[in-house]
Amino acid sequence: MKHTHKTCGSPEHLLHRRLFLQGTMAASAASVASFNGLFSVPALADETKRRGKKCILLWLCGAPSQFETWDPKPGTPFSGPFGAIPTNLPGVQISSLMPKCAGIMDKLAVIRSMSTEPGEHFQGIDVLTRGDKPRQPFVRPILGSVVAEQLGHLDSPVPQFILLDPCPEGNEFKGFKAGNWAGWLGAQYGPVRAGGEYSIPNLNKLDTISDIDHQDREALRSFFSKKYENDRRSQAAGSLNAAFDRVKGLMSCAPLFDLNSLPEADRQRYGAGAFAQHALQARHLIENGSTFVMVANGMPWDNHVFQHEMHQMLVPELDNVLYQLVTDLEDRGMLEDTLVIAMGEFGRSPWLNAARGRDHYPKAWSMALAGGGIRGGVVHGATDPLGHEVAEDAVDNRQLFATIFAALGIDPHEEYDLPDLPTFSRVEDGVAPIEQLLV
């Protein structure tokens, strides 16, 4: 089955777009930067916040250790100093650094048998965020771009794919971020990046320009840019127009990116760290119309040195963030429709190196999912007693992405309609999702 970009011409779609435009005009009397003013128009509010599957990816860049998270090996030479604790699933233990997740394991699905190929960060990030290895010179879109294209709403002022990442550095992750995230889907499905002070700066128009003048100028710019794009069939002009449209949406919903507007009690529950605060912000953005939010924070999990000391700080934060996020989504009636993914690009070695760190280890590692079509209370696969090899139900990147797409209601095997290019599917070779993990 071929996949084409969504150009629905149904009366319902046309009506939605008409209402959206009417709502935008009605809201223009309020400040362009006023999110409350924007959502004072019922038709626009309903269109922007309409119900649908969404996804939050907690990207644990640098790769966490499975031994100190989901697959401890108590009593072995490779277990580390932290031990294991029971969970609310009989017979299932996780690291003692994760007591809060131990109490909600019935809401989580853990894969203990991830086994992938790339052993270096850049390649691992590429495969585990796009779902497959490269076929040069074609750039496969990242997961967030696919989800935004399939489930998002381009006419929403709220960005459909958002990357919350305050750290401009991050070794190989810095290089990866400089690449083409949306691939052949096009710039309109690339992420809006926020972070740092948790707000997007420089979005207010000049006081010397009236609302009407601002709209007239934008209409004129849009007309000439679109004409140039059509006349020249210019992809660059199309990307530029998509960027301008995105800025218009950001100007209207900038307050969503201001954590100071959130209840202080929520901010304290999640914790003071940047990763924790961004996870809270992800929940807020999903709640208010975004479709895919990726939370990252440089590459803090790349612990080649002092592994145990670093994980002693990082894992409790992840434990609390996952607990708060899953609990909040459930309390708000959103967990059923919001898929939460927590993973890095591979795992860490069973042994410690000379610097008391764990090295890269893609052959046997763990990750977790919750909500959004995923069955809770499942531990899929297993490693051998020392954690060296997958002993049961190995899962590669294709199986993982087939499962993610299926959980979100996206056909994993649909082909992209790419004129004059080779055939690509969302998941190649018909690899099936893991049925045990699906509701």
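To keep things clear, this report deals only with the structure shown in the data block. (Residues numbered from 1 in each chain as written. Predicted model: local features only at pLDDT ≥ 70, side-chain atom pairs only at ≥ 80, totals over all residues. Heavy atoms only, no water.)

## Remarks on the environment of glutamate 149
Just so we agree on the cut-off: Secondary structure is summarised from DSSP: a helix means a run of H or I of at least four residues, a strand means a run of E of at least two, and numbering begins at the N terminus for each. Throughout, exposure labels follow a simple rule: accessible area from a 1.4 Å probe, protein chains only, divided by the maximum for the residue type, with under 20% read as buried, over 50% as exposed, and the rest as partly exposed. Contacts described as polar in this section are N or O atom pairs within 3.5 Å, which, within protein, must combine one atom able to donate a hydrogen with one able to accept it, while residues neighboring in sequence count only if both atoms come from side chains.
Checked against the element boundaries, glutamate 149 lands in helix α6 (residues 143–151). By relative accessible area, which is 1% here, glutamate 149 ends up buried. Remark: the alpha-carbon pair of glutamate 149 and glutamine 160, spanning 11 residues in sequence, is separated by 8.5 Å. Here glutamine 150 takes part through its side chain, which lies 2.9 Å from a polar atom of the side chain of glutamate 149.

## Considerations on the nonpolar core
So the rule is basically this: Residues grouped as a nonpolar core are buried Ala, Val, Leu, Ile, Met, Phe, Trp, Tyr and Cys residues, joined through side-chain atoms within 4.5 Å. Every residue pair with non-hydrogen atoms within 4.5 Å of one another is taken to be in contact.
Residues Trp59, Ile341 and Leu400 are the most contacted members of the largest nonpolar core, which totals 55 residues. Ignoring anything within four residues of it in the chain, the contact list for tryptophan 59 reads Ile125, Leu128, Thr129, Phe173, Met294, Val295, Ala296, Met343, Gly344 and Glu345.

## Some remarks on the layout of surface pockets
The condition is simple: Using protein atoms alone on a 1 Å grid, points that fit a 1.4 Å probe yet trap it form a cavity, whereas open point sets bounded by protein on both sides within 12 Å along at least five of seven lines form a pocket; residues with an atom within 4 Å of a point count as lining. Grid points are joined across faces, edges and corners, and a volume is the space filled by probe spheres set on the points. All residues other than Ala, Val, Leu, Ile, Met, Phe, Trp, Tyr, Cys, Pro, Asp, Glu, Lys and Arg, Gly among them, are scored as polar; the first ten of these are nonpolar and the last four charged.
One number sums up the size of the second largest pocket: a volume of about 340 Å³. Looking at the second largest pocket, it is lined by 20 residues, and the ones nearest its centre are Phe122, Asp126, Arg130, Pro134 and Gln136. Elements with a contribution of two residues or more to the lining of the second largest pocket: α5 (121–130) and α7 (172–177). Grouping the constituent residues of the lining of the second largest pocket by class yields 9 nonpolar, 5 polar and 6 charged.

## Comments concerning unusual backbone geometry
The omega angle of the peptide bond from glutamine 136 to proline 137 is 5°, so this bond is cis rather than trans. A positive phi angle, near 85°, is found at alanine 63, a position not held by glycine. As for its placement among the helices and strands, alanine 63 is situated in the loop between β2 (54–59) and β3 (84–86). A positive phi angle, close to 60°, is found at arginine 356, a residue other than glycine. Here arginine 356 lies in the loop between β10 (347–348) and β11 (360–361).

## Looking at empty space enclosed by the protein
According to the stated counting rule, one finds 2 cavities of 30 Å³ or more in the structure shown. Approximately 70 Å³ is the volume found for the largest cavity. Along the walls of the largest cavity sit 15 residues, with Pro64, Thr69, Trp70, Ser366 and Met367 positioned nearest its centre. The dominant element in the lining of the largest cavity, judged by the number of residues it contributes, is strand β12 (residues 365–370), at 3 residues. Per-class residue counts for the lining of the largest cavity are 9 nonpolar, 6 polar and no charged.

## Remarks on the sheet that holds β12
So the rule is basically this: Should DSSP find at least two bridges between two strands, the strands are regarded as paired. Here, axes are lines fitted to C-alpha atoms. For helices the fit covers the stretch in contact, and angles between N-to-C directions go from 0 to 180 degrees.
One open sheet accounts for 8 strands, arranged β7-β6-β8-β2-β9-β12-β5-β13; its pairing is mixed. With one partner strand each, in any of the chains shown, β7 (192–194) and β13 (378–380) form the two edges of the open sheet. Strand-to-strand twist in this sheet, taken as the mean axis angle between neighbours without regard to direction, amounts to 15°. Bridging between β2 and strand β8 (residues 292–295) involves 4 bridges; their strand directions are parallel. Residue pairing across strands places cysteine 55 opposite phenylalanine 292, the latter belonging to β8.

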